[in-house]
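# A structural walkthrough
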Amino acid sequence: MQSSPIANAIYLLAALLFIWGIRGLTHPRTAVRGNLISALGMLLAIAATLYWAQFNWWIVIAGLAVGTIVGVVLAVRIEMTAMPQMVALLNGFGGGASTLVAWIAALTALADFNAAESAGNVAEGYQALIAISLSGLIGAVTFWGSMVAFGKLQELKMFRKEWSLPAQQLINAALLAACLALGAMLVIWPSWAGLLYFAMALLASVLGVLLVNRIGGADMPVVISLLNSYSGLAAATTGFVISNNMLIITGALVGASGIILTKIMCDAMNRSLANVLFGGIEAAKAASADQVYGGKVKSATADEVGMLLADARRVIVVPGYGMAVSQAQHAVRDLYALLEERGTQVLFAVHPVAGRMPGHMNVLLAEVDIPYDRMLSMEEANPLFQETDVALVIGANDVVNPDARENPSSPIAGMPILDVDKARTVVVIKRSLSPGFAGIPNPLFAADNCLMYFADGKKAVLDLVGAVKAA
Amino acid sequence: MFIMLLTVFVLAIFVGFEIITKVPPTLHTPLMSGSNAISGITIVGALIVAHEHPGWLGGTLAFFAVTLATINVVGGYLVTHRMLGMFKRKG
């Protein structure tokens, strides 16, 4: 499987184009071009491979055709609110492809190892065997983990409720150990590679399902980022299987990207990765809802909030997953345009874990033509709340809970939050006082400067547009 | 050979860390779908193992490997392009 020097040169060029392309994503202005540059790299890599490799044309043409059709249909038809599901699917497909490639390599592992041995490259033979095992393990966990994540995000019936087996951690550890043992056996006895590989991939599949199955909706940003990283690592190990530099570089890039996003997501919840994957928030020690809210919650009507907004000089909107669920983003755009027209500055503050994946809210806002220079990160937004007349929270809860800052015994203590309570007035659009993912009451709702506007997100914002017009 | 490949792997991780920490939070979703499309590079592996005379099992596996990797590549780049086109400045 030695590629030609020309192909190798093109592979190097492709790897450079991927790096250059990702660099374009560091600014919205250059991002479209960056993505195109990266796509050009991919085109070159595929063309170079078609040029030098010997393969079965029927299989290749059929696979490329079916894959292209499915890919185009998915990409064109997917709603922006469903982007987390889409990314979960794509993560899974990448991992799945790596598993299958390693499986094929396992089928011919003995012959390939003997060939390497007789050519005096024993080390290379072992490298391929180790890579086949790792690729199968990582790929299968990625594929099945991503399928479960997809099912949860799509809210398929069978994934509605999180469940876990008794002694789940022990079972996971045992499964992982068994996979590693089978992988080691594959390296020692390549004559059994096909069978050992199949058994290992099967156990790894179960592991992937069990790992993701117990993780709740609001922790999805972490899981998707982690699976993103795995899909890159799977590609890198495929590179070790076929001794190809470009796959290794590219896979490492994606792996690094996913790890960084995973860390950002964990930091934004002040939880360790291990806690997200194996722990869970303890519901203990939280004050009861009655103690926190008891007679102190003020509810407002659309007209009252409309008056506040009409008089405001600066409004910061804080979107949460609730905005996506009620499809309120178009109504939010109308409110934004109306207030801007009246001379009010409208900004959007996005918490890193708002929504179901990193940057989820920003995509929804961009879809309804909110300019990207109006979208602030948590660090940018927090100093501005003190000089803000109205902070409008739409469908967010835990990420604006001041207990995280002030109450060291709170389950979410230390989690960085958006300081909406520092604004002159906070208006929270929410259907009820029900708790967020952390399962704890939010003292913000009982604060002196907070008004609750109980309604469905979309209807509430539409009514506010009408009220501001009338004010 | 193995040491060289490992070196490349480690260096690439460092390059990745350097660039990706500079991507603003606003673009994290397109970053994921875009890097996802890039991880579809497994397609090169899938093409290489689609041997001329694969046997029924090898052939079936190769077909699905090429298909999944192609979905990853085509779907990933296209949806990223669609998303990025929505990010506009005021004016």
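The model shown is predicted, which means the values in this text are computed figures rather than measured ones. (Residues numbered from 1 in each chain as written. Chains lettered and ligands numbered in written order. Predicted model: local features only at pLDDT ≥ 70, side-chain atom pairs only at ≥ 80, totals over all residues.)

### Quick notes on the overall build of chain A
Along its length, chain A carries 19 helices and six strands. Seen through its principal axes, chain A has C-alpha atoms that stretch 85 × 50 × 35 Å. The contacts in chain A between residues at least 6 apart in sequence include a share of 79% that link residues at least 24 apart. (Helix = DSSP H or I, 4+ residues; strand = E, 2+ residues; numbered from the N terminus. Contact = placed C-beta atoms within 7 Å.)

### A short note on the interface of chain B and chain A
Between chain B and chain A, the residue contacts involve 76 residues of the former and 98 residues of the latter. Taken together, the elements giving at least two residues each to the side of chain B that touches chain A come down to α1 (2–20), α2 (28–39), α3 (42–49) and α4 (55–84) of chain B. A total of 27 residues in the side of chain B that touches chain A trace back to one element, the largest contributor, which is α4(B). Split into classes, the residues belonging to the side of chain B that touches chain A amount to 46 nonpolar, 24 polar and six charged. (Nonpolar A, V, L, I, M, F, W, Y, C, P; charged D, E, K, R; others polar.)

### Notes on the nonpolar core
In this structure, A:Ile132, A:Val318, A:Val393, A:Ile394, B:Ala46, B:Ala65 and B:Val66 are the most contacted members of the largest nonpolar core, which totals 205 residues. The two domains that each donate at least three residues to this core are domain 1 (78–278) and domain 2 (289–470) of chain A. Once residues lying within four places of it in the same chain are set aside, the contact partners of A:Ile394 are A:Val317, A:Val318, A:Pro319, A:Gly320, A:Gly322, A:Met323, A:Ala328, A:Val332, A:Ile429, A:Gly457 and A:Val461. (Core = buried A, V, L, I, M, F, W, Y, C linked by C-beta atoms within 7 Å. Buried ≥ 20, exposed ≤ 12 C-beta atoms within 10 Å, placed from the backbone. Domains from an automatic or database assignment.)

### A word on the pairing of strand β4 (residues 390–394) of chain A
Residues and elements named next belong to chain A. Counting buried residues in β4 gives five out of five residues, a clear majority hidden from the surface. Of the two faces of β4, the one carrying Val390, Leu392 and Ile394 and the one carrying Ala391 and Val393 are both buried. As paired strands, strand β1 (residues 314–319) and β4 are joined by five bridges and run parallel to one another. By the bridge assignment, Ile316 is partnered in β4 with Ala391. (Pairing = 2+ DSSP bridges.)

### Thoughts on unusual backbone geometry
All names here are of chain A. The residue Ser243 is not glycine, and still its phi comes out positive at about 50 degrees. Residues other than glycine seldom take positive phi values, yet Gln327 does so here, at roughly 55 degrees. Relative to the assigned elements, Gln327 resides in the loop between α14 (321–325) and α15 (329–341). Note on Gln327: 14 C-beta atoms within 10 Å, which makes it partly exposed.

### Some details on the sheet that holds β4(A)
Residues and elements named next belong to chain A. Reading across from one edge, β3-β2-β1-β4-β5-β6 is the order of the six strands in this open sheet, with parallel pairing throughout. The open sheet terminates on both sides in strands that have one partner only, identified here as β3 (375–377) and β6 (450–454). Between one strand axis and the next, the sheet turns through 25 degrees on average, direction left out of account. (Axes fitted to C-alpha atoms, helices over the stretch in contact; angles between N-to-C directions.)

### Re the packing of helix α13 (residues 302–311) of chain A against helix α19 (residues 457–470) of chain A
Residue and element names in this part refer to chain A. The interhelical angle for the contact between α13 and α19, taken along N-to-C directions, is 60 degrees, at an axis separation of 8 Å. With respect to α19, the element α13 is oriented oblique. Both α13 and α19 take part in a crossing whose hand is right-handed. Between α13 and α19, the residues in contact are Ala302, Asp303, Val305, Gly306, Leu309 and Ala310 and Asp463, Leu464, Ala467, Val468 and Ala470, respectively. Partitioned by chemical class, the residues of the contact of α13 with α19 number eight nonpolar, one polar and two charged. (Parallel < 35°, antiparallel > 145°, perpendicular 65-115°, else oblique. Left-handed = near helix turned anticlockwise from the far one by under 90°.)

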